[in-house]
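Inside the fold
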Amino acid sequence: MKIYKLKEAIEWKYGKGIRSSLDITTPLVMSWSLEIDPLTTQECIDLCEEYEFEEGYKQKRENEYPTIVNQMDLLYHHGYDGWRLEIEKIKLKHPKPVK
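For the structure given in this document, a descriptive report is provided here. (Residues numbered from 1 in each chain as written. Predicted model: local features only at pLDDT ≥ 70, side-chain atom pairs only at ≥ 80, totals over all residues. Heavy atoms only, no water.)

Focus: the packing of aromatic side chains
The tally for this structure, following the rule as stated, stands at two aromatic pairs. With 5.6 Å between their ring centres and 65 degrees between their planes, Trp12 and Tyr51 make a pair best called edge-to-face. Residue Trp12 is located in helix α1 (residues 6–14), and its partner Tyr51 is located in helix α2 (residues 41–64); the two are separated by 39 residues in the primary sequence. Given a relative accessible area of 14%, Tyr51 falls into the buried group. Plain terms: the ring middles of Tyr80 and Trp83 are 5.7 Å apart, the flat faces sit at 35 degrees to each other, and that makes the pair tilted. (Phe/Tyr/Trp six-rings, centres within 6.5 Å; stacked < 30°, edge-to-face > 60°. Helix = DSSP H or I, 4+ residues; strand = E, 2+ residues; numbered from the N terminus. Buried < 20%, exposed > 50% of the residue type's maximum accessible area, 1.4 Å probe, protein only.)

Set out below in structure tokens:
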């Protein structure tokens, strides 16, 4: 469970620019300055899980892609097809989720 990504998940679901506040004294965990109802703890957990499912592959891919310098080196030494093979391996390892 990655509840620490809650702010990212909220921005992903509801858009940027949401100011949030945490209220640890009630079961309602988050509230916003916009017209969005407060979320319970379980709703926050569910939102984080949905965000991780939908967007988590991007971070995993990003962590494995070669640096730009190494990608240019691949292109120079192995051409477009060699570069593409390396990138495709990573994309196959961390596929985009299907709903």
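What to know about the state of the cysteines
Following the criterion strictly, the structure yields zero disulfides and no others. Counting only cysteine sulfurs, Cys48 is the nearest neighbor of Cys44, a cysteine outside any disulfide, at a range of 6.8 Å. Judged by relative accessible area, which is 1%, Cys44 ranks as buried. Here Cys48 falls in the buried class, since its relative accessible area comes to 5%. (Disulfide = S-S within 2.5 Å.)

Remarks on α1
Within α1 the residues assigned to the buried category are Leu6, Ala9, Ile10 and Glu11. In the stretch just after α1, Gly15 is the one whose phi turns positive, near 105 degrees.

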